[in-house]
Amino acid sequence: MIAKAKAISYGINDLRYITGESKHKKHPEKIYRVLDNLLPPDLDAMGIWNSMQLTLAQHRPIKNSIIRIELSPSPEHTSFYDIEDWQKLWNEFAEEFDKQVITGKDGKVRSCPTNLANSKYTVYLHMESKGKVPHLHAAICRFDENGNINNDHNIHLRAQRAAERVAVKRGWKTAEEIRSRNIPEVSRECMEVLRTMPSWSWEEYKKALARRGYSVY
């Protein structure tokens, strides 16, 4: 299972995307509301945004006012999930996300615990991706209902670690285990491509790997 997190400034556009209201979403019928936290029921994207703005307006302005999270477990683990199962998965992840204290090499605290539990947020299930991998999208207000800001320093690490801890608890393969398993195969494929090239070309190298199903960055 993998997770990504980022503090963003384009909150309303993100909400339209995750709720399926964006014009860029071709199959909104494959997007489902999983749960809302501290929000009135059944709001659309603009309603959620307005509710979050009521909280944000009580505090000093911040550029990146929303935390965007994507949580993607391996499809073999969720093939029989219903909405309640997805709710449980999200709640476990959010709990692990909140409890972390991230320190630097000097032992000083770099990121104190967040408080998603007492923050406004919405979570949706997307089942329309090209890879056909069901995954969760969440949008969280940066200020909790106590007026404290949800720290975004090293937020990507916080998300990764939370996903790893949930995967371990559930007996799932972690992202690190999958990476370690895949490294030898990927290395072998890369070397095979290099050996077949008459001369070096970055563009031809990328094309050859793409023909084997890899995306090269």
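Keep in mind the model is a prediction, meaning the values are calculated, not measured.

(A) Focus on the overall build of the chain. When its secondary structure is counted, the chain shows seven helices and seven strands. Element order for the chain, N to C, with α for helix and β for strand: β-α-β-α-β-α-α-β-β-β-β-α-α-α. Referenced to the eigenvectors of the C-alpha coordinate spread, the extents of the chain come out at roughly 65 × 50 × 35 Å. Residues counted as buried form 41% of the 217 residues belonging to the chain. Long-range pairs, those at least 24 residues apart, make up 70% of the contacts in the chain between residues at least 6 apart in sequence. Counting only carbon and sulfur atoms, one obtains 51% of the accessible surface of the chain, whose full area is about 12,500 Å².

(B) Expanded view of unusual backbone geometry. Even without being glycine, L38 reaches a positive phi, approximately 60 degrees. For L38, the location among the structural elements is in the loop between β2 (31–37) and α2 (45–56). Relative accessible area serves as the criterion here: at 42%, L38 is assigned to the partly exposed category. Phi is positive for N154, which is not a glycine, with a value near 55 degrees.

(C) Structural view of the nonpolar core. By size, the foremost hydrophobic cluster in this structure holds 28 residues, and its most contacted members are I69, L71, W90, F93 and F97. Contributions of two or more residues to this core are made by β1 (2–8), β2, β3 (66–72), α4 (83–98), β6 (121–126), β7 (135–141) and α5 (155–170). Sequence-distant contacts of F93, defined by excluding residues within four places in its chain, comprise A3, I69, L71, A159, A162, A163 and V166. Judged by nonpolar contacts, the second largest core, of 15 residues, contains I12, L15, A45 and L56.

(D) Broad picture of a nonpolar patch on the surface. Together, M191, L194, W200 and W202 give the surface a local cluster of nonpolar side chains, amounting to about 430 Å² of exposed area. Topologically, W200 is positioned in the loop between α6 (175–196) and α7 (202–211).

(E) Quick peek at the pattern of salt bridges. Counted by the stated rule, this structure contains 13 salt bridges. Salt-bridge contacts for E92 lead to R170; the nearest nitrogen and oxygen are separated by 2.9 Å. Taken as a pair, E92 in helix α4 and R170 in helix α5 lie far apart in primary sequence, 78 residues in all. Here R170 falls in the partly exposed class, since its relative accessible area comes to 26%. With a closest N to O distance of 3.8 Å, E204 and K207 form a salt bridge. Taken together, the residues E204 and K207, both in helix α7 and three residues apart, mark about one turn of the helix. Among the residues examined, K207 registers a relative accessible area of 46% and is labelled partly exposed. Connected through shared salt-bridge partners, E96, K99, R165 and K169 make up one network.

Here is what the cut-offs are and how they apply
- Along every chain, residues carry numbers that run from 1 in the direction the sequence is written.
- Only residues with pLDDT of at least 70 get local features here, since the model is predicted, and only at 80 or more are side-chain atom pairs given and counted; chain-wide, interface and lining totals rely on the full set of residues.
- Side-chain measures here rest on the full set of heavy atoms in the structure, leaving out hydrogens and waters.
- For the purposes of this entry, the term helix denotes a DSSP run of H or I that reaches at least four residues, the term strand denotes a run of E that reaches at least two, and both are numbered from the N terminus.
- The classification of residues rests on relative accessible area computed with a 1.4 Å probe and restricted to protein chains. Under 20% of the type maximum is buried, over 50% is exposed, and intermediate values are partly exposed.
- Contacts: residue pairs with any heavy atoms within 4.5 Å of one another.
- Each accessible area is a Shrake-Rupley result for a 1.4 Å probe, and residues are judged covered by the shown protein chains and nothing else.
- Only buried Ala, Val, Leu, Ile, Met, Phe, Trp, Tyr and Cys residues count toward a nonpolar core, and they belong to the same one when joined by side-chain atoms within 4.5 Å.
- Patches in this entry comprise residues that are over 30% relatively accessible and not in a salt bridge; like charges within 9 Å are linked, as are nonpolar side chains (Val, Leu, Ile, Met, Phe, Trp, Tyr) within 5 Å.
- Each salt bridge in this description consists of a side-chain nitrogen of Lys or Arg and a carboxyl oxygen of Asp or Glu lying within 4 Å of one another.

Remember, this is a structural readout, not a statement about activity or role.
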